[in-house]
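# An overview of the molecular structure
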Amino acid sequence: MASMRVHELAKEFDMSSADLLDRLKDMKIPAKSHASMLNEAYVDKIRKNLEPEIRARAGALAAEEAAALAAEQEEAERKRVEEEAARKAAREKELAEREAARAQRVSAKAGEAADETPAAPRKAAPAPSAFASLEQQIASEKERVEREREAARARARAEKAAAEVAKKRAVEEALRRGHKKPAKATVSAPEAPKAAPAPVAARPKANFDSLLSQIEAEKQRMEAQKSAEAEARRSGGRAGGKKGKKGTGHQVVPELEVQQAAPEDRYAQMAVQAEKLQRDKVLAEARAAVAAATTHEGEGRRKKRKEKREAEARERAEAEAIERGLDPSLVLDDSVVEIPQGATVAKFAELLGVQPNDVIKRLFMLGQVLTLTQSMNDETMELIADDMGRKVRVVSPEEEYAVVYNDSEADLKPRPPVVTVMGHVDHGKTSLLDAIRDTGVVASEAGGITQHIGASVVNIGDRQITFIDTPGHEAFTAMRARGAQVTDVIVLVVAADDGVMPQTIEAINHAKAAEVPIVVAVNKIDKPGANPDRVRQELTEYGVIPEEWGGSNMFVEVSAKKKLHIDDLLETIILQADVLELKANPDAEASGFVIEANLDKGRGPVATVLIQRGTLHTGDVVVAGTSYGRVRALVNPRGEHVAEARPADPVEILGLNSVPTAGDEFRVFEDERDARKLAEERALRARLAAQETKSHMSLDDLFSRIEEGKQTDLNLIVKADVQGSIEALRDAFDKMDQSEVRINIVHSAVGGITETDVTLAAASDAIIIGFNVRPTGKSRVQAEKEKVDIRLYRVIYQAIEDINAARVGLLSPDIVEVDTGIAEVRETFKVPKVGTIAGCYIIEGEINRDDKVRIVRDGTVIFEGHMASLRRFKDDVKSVKQGYECGIGIEKFQDLKVGDTIEGYQVKEVERTE
């Protein structure tokens, strides 16, 4: 069983990395983060301790899910039954209230009709009997309907119970046989009962409405008949009135009999219809229940598979976020809006879906007056989004274009380690590599100091090691940091006779920040005064502890000059690489990092790249930063043309359209159009960012700065042979104090000094700095004509010293006071038309006639001014030295007293050294 990282083991146990780290802490297993490596023994121990708990938790979780599902179904059924009962009760109550209200209205109208004919009570006698009989019919009909409804409810309950039993049997049979055939038999089961179910609540309501309408019609007919009889009486036809009265009494009863017979037929028809509807409803419910029961198992499996896919996608997104150093909660939260770094106000408002005026208003309240096309910084975007109640995540250009690769374990194959050599300047890093490769790299470097990042391959038997040699000078801190990002093992070179130095500490910090293991090579053990134990003791103060002292860092004592113990160092590197179990997918499209890039006169842009994944072939389309192109040739570190480069192989790429920046990520594209589009988008973004960083100065601003004398600019044009040297110079200039003199790099590029550079320097009043390059063509003659200063260097610290001297020369000089002499007043004399003259004795230095003086009395300066006269006896003199007497007159000051001290001084301007 191989060793594993913490987050891989946590994924296997379905735990979070934080929970697993807590459990490891309880088990006293050392692990610092989710990326910490656990060896085989620790993995076995963790499996034995956690496997019973994981199994128990999985079983409990399944039981809990089943119980929760059963409880949820039972609760849903109970709620459905209660809601149905409540609806039925509400309908019955409403029906009863309506019937009672209508009965009251009928009785009230009948009473009103009786009150309208008090003179002839006998003639209207048949009407109350008709209404009474109708009311009795309604009451009896109501009782009969109630009895039928109760019987229908009982039959429905029995039928529903039978349907439930049939449904359960059908489900059990379907689960036993594994198919849905019992569904048809189950559907036909509820059709057997033929008894009519309870009628729908709305049907009786319609029957009572028809009876009431008949009552209203009968009432209107009787009122019309009364009015006709009254009219006949008024006309004097008494006999006709009797006939009408007699006819009236005989006409009501037959009509009521017809009306009594008609509702019974309608009630029977309505009962049949209600029974049919109820039966159809029960059958539909039974069919739906059986179908749901038979398909429940399939739906459950689909739901579980969907949940599993969503969980796996979420875990992949979380792992990618952790690999990119991001907060997984922000990346996985759908409400978080991703804003590109340097977005304009209009773009910010568009992504948030708000009005731009709202953003501008909040910017104005913050004291930032920006237009729609101006960019916002990261802090301002987060502040405004928080004020609007929105969550945002500012995405850097590197993160926006970054690609995260997820290779399966089966595709990964072992790859060689990439080793970076770090250490202080002149501690023997390049000499150590020279001893390993048996090449004379040091002789070709200016001043014996490595100026460029280089890569080489060393074969030890059938094993390969890729070395990256980073410079030791402190100006190349950024280049050394990039070396730590692409490396697997760091070899820290420390001189045994020199010990830990500042750049050694920087190298340790870079290695710890990148979480890369350190192998310490104690060099120069052959020199007199070498003390390897002192090196070990000093390194322990910075967390680098030897294994023999209980630490985790391996130490090897070597001598690069005499090639002592070089084999031991290589074996130690291979051992460290075996512990890491380095793997990569060689069958994918290639990707990696640009180590160095330069412009070759004969070959064009050349980029040295390190393959991290996949295999790079000749003819592939590559994008590296803002550069793109088709690979015309691949050159290995030995200068040989190769057809392909596999993981951990450093090669030079020919065929790019421009020189990329050291540290850019490169990857292969299938379509050249997509590669060109991405490179052009990056170039456009870089140009816009460069324009935003430039400070455009107005005439008013320039005039105010000149008047205040606050700032002076030193413009530079930097040309170098490789991009890394330009970045090193830029970093060195940024570290200088620019409070009074600001250093501006107007233009920087790879290649020789051209006539265009001279023209730009003349227009911008700049100095041209050339590092390992020469003027081309007529550029030198043009520089002499335009009086442009060109400085050429081969060693980087000489360029930094000269620029610092030029910067200091532009600093305003310091104003200092230099004391010249001290005179003591021993007597005073009053001279007419002149004033008070002090008779003095020079006790220190020399007093000059042009000196400024200050009068000191009892340790306090009471006056500062100039001398009016300096005499010795009767002669005017220019100076009086120590030990002599003289007379001194002071301009605009006559209050001289015996015991005062006159101090002479001069004000001088002293050049600034820093």
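Figured I'd write up the structure that's included with this text. Here the structure is a predicted model, which is why all the values come from computation and not from measurement. (Residues numbered from 1 in each chain as written. Predicted model: local features only at pLDDT ≥ 70, side-chain atom pairs only at ≥ 80, totals over all residues. Heavy atoms only, no water.)

## Some points on the overall build of the chain
As a reminder of what qualifies: For the purposes of this entry, the term helix denotes a DSSP run of H or I that reaches at least four residues, the term strand denotes a run of E that reaches at least two, and both are numbered from the N terminus. Only protein chains enter the calculation, and the probe is 1.4 Å; a residue is then buried if its accessible area is under 20% of its type maximum, exposed if over 50%, and partly exposed in between. Contacts between residues were defined by any pair of non-hydrogen atoms, one from each residue, lying within 4.5 Å. Areas reported here follow the Shrake-Rupley algorithm with a probe of radius 1.4 Å; residue values treat only the protein chains shown as occluding.
A tally of helices and strands in the chain yields 23 helices and 33 strands. Within the chain, buried positions represent 37% of all 914 residues. At a minimum sequence separation of 6, the contacts of the chain that also span at least 24 residues come to 71%. Carbon together with sulfur atoms contributes 51% to the accessible area of the chain, which is approximately 51,900 Å² in total.

## Points about the pairing of strand 13 (residues 591-600)
The criterion, for reference: Strand pairing requires that DSSP identify at least two bridges connecting the strands.
Examined bridge by bridge, strand 13 and strand 14 (residues 604-613) share nine bridges and lie antiparallel to one another. Bridging across to strand 14, glycine 592 finds its partner in isoleucine 611. Both strand 13 and strand 21 (residues 665-669) contribute to a ladder of three bridges, which runs antiparallel. Its bridge partner lying in strand 21, glycine 592 is registered against phenylalanine 666.

## Comments concerning a nonpolar patch on the surface
We count it as follows: For patch building, the residue pool is restricted to those with more than 30% relative accessible area and no salt bridge; the joining distance is 9 Å between like charges and 5 Å between nonpolar side chains (Val, Leu, Ile, Met, Phe, Trp, Tyr). Any carboxyl oxygen of Asp or Glu within 4 Å of a side-chain nitrogen of Lys or Arg constitutes a salt bridge here.
Taken together, the side chains of Phe829, Val831 and Val834 present a nonpolar region at the surface, about 260 Å² in accessible area. Summarising the element assignment, valine 834 is placed in the loop between strand 26 (814-831) and strand 27 (835-848).

## Some details on the nonpolar core
Which entries qualify depends on this criterion: Remark: nonpolar core denotes a set of buried residues (Ala, Val, Leu, Ile, Met, Phe, Trp, Tyr, Cys) joined through side-chain atoms within 4.5 Å.
Counting 26 residues, the largest nonpolar core has Leu432, Phe467 and Leu569 as the members making the most contacts within it. Those elements that place two or more of their residues in this core are strand 6 (418-423), helix 13 (429-437), strand 8 (463-469), strand 9 (489-495), strand 10 (518-523), strand 11 (554-557) and helix 17 (566-580). Ranked by residue count, the leading element in this core is helix 17, at seven residues. By size, the runner-up hydrophobic cluster in this structure holds 20 residues, among which are Leu716, Ala720, Leu729 and Ala799.

## Side note on the pairing of strand 29 (residues 860-872)
Of the strand pairs in this sheet, strand 28 (residues 852-857) and strand 29 are connected by six bridges, and their pairing is antiparallel. Following the sheet pairing, valine 856 is matched in strand 29 by valine 861. The antiparallel hairpin formed by strand 28 and strand 29 contains two residues in its connecting segment, where aspartate 858 sits at a positive phi of about 55°. Relative to strand 32 (residues 885-890), strand 29 runs antiparallel, the two sharing four bridges. Bridge pairing in strand 32 places arginine 871 opposite glycine 887. Looking at chain direction, strand 29 and strand 30 (residues 875-876) are connected through two bridges and run antiparallel. Counted as the bridge partner of arginine 871 is aspartate 876 from strand 30.

## Regarding the packing of aromatic side chains
Applicable threshold: Side-chain rings of Phe, Tyr and Trp, where Trp is taken by its six-membered ring, are said to pair if the distance between their centres is within 6.5 Å; with planes under 30 degrees apart they count as stacked, over 60 as edge-to-face, and otherwise as tilted. A ring is considered to have a charge above it if a Lys NZ or an Arg CZ atom is located within 6 Å of its centre and within 35 degrees of its normal.
In total, this model carries one aromatic pair according to the counting rule given. Their ring planes at 15° and their centres at 4.8 Å tell us that phenylalanine 863 and phenylalanine 893 sit as a pair that is stacked. Of the two residues, phenylalanine 863 sits in strand 29 while phenylalanine 893 sits in the loop between strand 32 and strand 33 (901-910), which places them 30 residues apart along the sequence. Using a relative accessible area of 13% as the deciding quantity, one classes phenylalanine 893 as buried. Its guanidinium or amino end placed over the ring of tyrosine 905, arginine 854 lies 4.0 Å from that ring's centre, counting from NZ or CZ.

## Observations concerning the pattern of salt bridges
In total, this model carries 27 salt bridges according to the counting rule given. Arginine 463 is paired through a salt bridge with aspartate 578; the nearest N and O atoms lie 2.8 Å apart. Of the two residues, arginine 463 sits in strand 8 while aspartate 578 sits in helix 17, which places them 115 residues apart along the sequence. With a relative accessible area of 31%, arginine 463 lands in the partly exposed category. Exposure remark for aspartate 578: the relative accessible area of 40% places this residue in the partly exposed category. A cluster of three or more residues bridged by salt bridges with shared partners is formed by Glu817, Asp819, Arg854, Glu864 and Glu903.

## A closer look at the state of the cysteines
Using the following cut-off: Two cysteine sulfurs form a disulfide in these notes if their separation is within 2.5 Å.
Summed over the entire model, instances satisfying the criterion amount to zero disulfides. Cysteine 886 provides the cysteine sulfur closest to cysteine 840, a residue in no disulfide bond, and the two sulfurs are 5.4 Å apart. Judged by its relative accessible area of 2%, cysteine 840 is buried. Residue cysteine 886 is classed as buried on the basis of its relative accessible area of 8%.

## Describing a positive patch on the surface
Threshold: Note that His is not counted, nor are the chain ends; the positive residues are Lys and Arg, and the negative ones are Asp and Glu. Think of each charge as sitting on NZ of Lys, CZ of Arg, CG of Asp or CD of Glu.
On the surface, Lys88, Arg91, Arg157, Lys160 and Lys281 cluster together into a positively charged patch. Of all the secondary-structure elements, those providing two or more residues to the positive patch are helix 3 (40-115) and helix 4 (126-177).

## Digging into unusual backbone geometry
Residue lysine 28 is not a glycine yet carries a positive backbone phi of 60°. Tracing the chain through its elements places lysine 28 in the loop between helix 2 (17-26) and strand 2 (37-38).

## Structural notes on the packing of helix 9 (residues 345-352) against helix 10 (residues 356-365)
To be explicit about the condition: Here an angle of 0 to 180 degrees is reported between the N-to-C directions of two axes, which are lines fitted to C-alpha atoms, with helices fitted over the stretch in contact. Angles below 35 degrees are treated as roughly parallel, those above 145 as roughly antiparallel, those between 65 and 115 as roughly perpendicular, and all remaining angles as oblique. It is the rotation of the near helix from the far one that decides the hand of a crossing: anticlockwise by less than a right angle makes it left-handed, clockwise makes it right-handed. Note on residue classes: Ala, Val, Leu, Ile, Met, Phe, Trp, Tyr, Cys and Pro are nonpolar, Asp, Glu, Lys and Arg are charged, and everything else, Gly too, is polar.
Following both chains from N to C, one finds helix 9 and helix 10 inclined at 120°, their axes separated by 9 Å at the closest point. Considered as vectors, helix 9 and helix 10 are oriented oblique to each other. For the pair helix 9 and helix 10, the sense of crossing is right-handed. Along the contact surface, helix 9 presents Val345, Phe348 and Ala349, while helix 10 presents Pro356, Val359, Ile360 and Leu363. A breakdown of the residues in the contact of helix 9 with helix 10 according to their chemical character gives seven nonpolar, no polar and no charged.

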